[in-house]
Amino acid sequence: MQRVEFVVADEAAGTRLDAWVAGAVPDLGRNHAKRLVLAGHVAVGGRTIVEAKRPVKPGEVIAIDLPPAAPTAIAGEAIALSVVYEDDAVIVIDKPAGLVVHPAGGHHTGTLVNALIAHCGASLSGIGGVARPGIVHRLDKDTTGLMVVAKTDRAHRNLAAQFADHGRSGPLERGYKAIVWGVPDRPIGTIAAALGRSTRNREKIEVKRTGGREAITHYRVAERYGAKAKPVAALVECRLETGRTHQIRVHLASIGHPVIGDPAYASGFATKTTLLAEPARTVAANLPRQALHAWLLGFEHPETGEEMRFESPLPADMAALVSALKAL
C-alpha cells in the first residue's frame, strides 16, 4: 500500500469522508473511495475510520492507503496525440474534440488512455487504476485543450495533491476560453454556486441551493461580438478554483450565458443561431460541440519543482466561429 496525506480545507467542512477521499485523489471514484474507507485504509488524525459518512473537519490530517498499482489490461491503440511536452515524469497533451479521456460505459476503446498506453507503454502511473493509468484530471469528451498525465507513481501523487489544492497555495493554473451567447453584465466576475447531479437527468449537473459540492469559477469577458448596443456573443476566459464535472458549462448557463454549441446546457438557445447573419449563422449551426477550450495549464513539475506553464491556441472550429462573429 502507498500512503498519501492531505489536510482538510475550511470549505470542505461537513463533507462525507468517502466523498472527500474521492475528491482528494482525482479519478479514484466515489465507490472506490467508499470501499477504501470501509476496508480500513483511511485514517483521520492517525486513527483508522471505517464510517464512510463521517463528516470531515477543517485542519484534519487524513491519510489514505492506496493499493498497489494494478497492471492495465487495456490495449494500446495507435491514436495520434498532440504532445506539447514530455519527460520521464509527465506528458502534456493537447486533447482534440471527440476524444474520451478514459474507458467507461459506451467507450471501451478509442480513448486517450488507449492512446497513452501505446505511446508511453508500461511507464504510465498505475495509481489511477486499470482504466485510468496516469490520469490526474479530465476534460469532457468534446472539450479541447491541455491535459497533464503522470508517468510515475511519484508524479501522480504530487500532481494529485496540486489538483486537490486547486492552486490555492501553489502554482497550479487552469484557464479556459468559452464562446457564449450574450455578454455577462459584469466584465469580470466570480460564479460561486454549488453543483450536483440533476434530480431529473442523472447525466446532467445542476446548481444546488442546498447540498452539492462547492464550485467556484472566475471569469473575464475578453471580446464582445455583434452590435455594440446589443452584442450577441462573447469570448469569455475562465479560471477554475475548483474542478467539478461540467463546472464551467453549468456555471455560465446559470447566469444566462451558456456556451455556444453545448448540447446539454444551451439547448434553449438553439433558435438564436437563426438570428445571426451569415457567415456566423452557418458556422454556429455547424459547430458539432460546445465551444470550450482549455487554453492554459500551469503546475509545479513533480520531480524538479520547476513551474511549468503551457498555452494552446484556439482550435480551428472555435477560431472559425470567432472570425465569423467578428464580422457581424
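All values derive from a computational prediction rather than experimental measurement.

(A) Just the sheet that holds strand β2 (residues 42–44), in detail. Pairing is antiparallel across the open sheet formed by 4 strands, whose spatial order is β1-β4-β2-β3. The two strands at the open ends of the sheet, each matched to only one other strand, are β1 (2–7) and β3 (47–48). Here 6 bridges tie β1 to strand β4 (residues 61–66), and the two strands are oriented antiparallel to one another. Across the sheet, R3 pairs through a bridge with D65, a residue of β4. Contacting β1, β2 and β4, helix α1 (residues 17–24) runs over the sheet at an angle of about 70 degrees to β4.

(B) Structural view of the pairing of strand β9 (residues 188–192). In β9, alternate side chains face the same way, and those of G189 and I191 are buried while those of I188, T190 and A192 on the opposite face are not. As defined by bridge partners, β9 adjoins strand β12 (residues 216–226) across 5 bridges and the pair is classed as antiparallel. The residue bridging A192 from the neighbouring strand is I216, located in β12.

(C) How the structure looks around helix α2 (residues 30–38). Of the positions making up α2, those classed as buried are A33, L36 and V37. End-on view of α2: buried residues confined to an arc of 100 degrees, all on one side of the axis. Turned more than 90 degrees from where α2 packs its buried face, N31 and R35 sit exposed. Where α2 is buried, its residues touch α1, β2 and β4. G40 sits one or two positions beyond α2 and adopts a positive phi of about 85 degrees.

(D) Looking closely at helix α4 (residues 153–165). Spanning 13 residues, α4 covers 18 Å between terminal C-alpha atoms, matching the ideal 18 Å at 1.5 Å per step. Every buried residue of α4 is accounted for by A155, H156, L159, A160, Q162 and F163. In a view along the axis of α4, the buried residues occupy a sector of 160 degrees, so they form one face of it. Structurally, α4 contributes buried residues whose contacts are with α1, β6 (90–95), β7 (144–150), β8 (173–181) and β14 (292–300). Immediately beyond the C-terminal end of α4, within one or two residues, lies H166, with a positive phi of roughly 60 degrees.

(E) Summary view of the packing of aromatic side chains. As enumerated under the stated definition, the model contains 3 aromatic pairs in all. Connected via pairs of aromatic rings, a cluster forms that spans Y85, F299 and F310. Between the NZ or CZ atom of K177 and the centre of the ring of W295, over which it lies, the distance is 4.7 Å.

Scoring rules and cut-offs
- All residue numbers here refer to positions counted from 1 along the written sequence of the relevant chain.
- Per-residue local features are limited, in this predicted model, to residues with pLDDT of at least 70; the limit for side-chain atom pairs, both in listing and counting, is 80 or more; totals at the level of whole chains, interfaces and linings are taken over all residues.
- Each side-chain value is worked out from all heavy atoms of the structure, with water and hydrogens disregarded.
- Strands qualify as paired when DSSP identifies two bridges or more between them.
- Each helix is a run of DSSP H or I of at least 4 residues and each strand a run of E of at least 2, with the numbering of both proceeding from the N terminus.
- In this description, contact between two residues means that some pair of their heavy atoms is separated by no more than 4.5 Å.
- Each axis is a line fitted through C-alpha atoms, and for a helix only the stretch in contact is used; angles between axes span 0 to 180 degrees, taken between their N-to-C directions.
- Think of it in three bands: with a 1.4 Å probe and only protein chains considered, a residue is buried below 20% of the maximum accessible area for its type, exposed above 50%, and partly exposed in between.
- Note that the arc is computed from the directions linking the helix axis to the C-beta atoms.
- One less than the number of residues in a helix, times 1.5 Å, gives the span that helix is expected to have.
- Each Phe, Tyr or Trp ring (for Trp, its six-membered ring) is paired with any other whose centre lies within 6.5 Å, and the angle between the two planes then decides the class: stacked below 30 degrees, edge-to-face above 60, tilted in between.
- When the NZ atom of lysine or the CZ atom of arginine is within 6 Å of a ring's centre and also within 35 degrees of its normal, the charge is said to sit over that ring.

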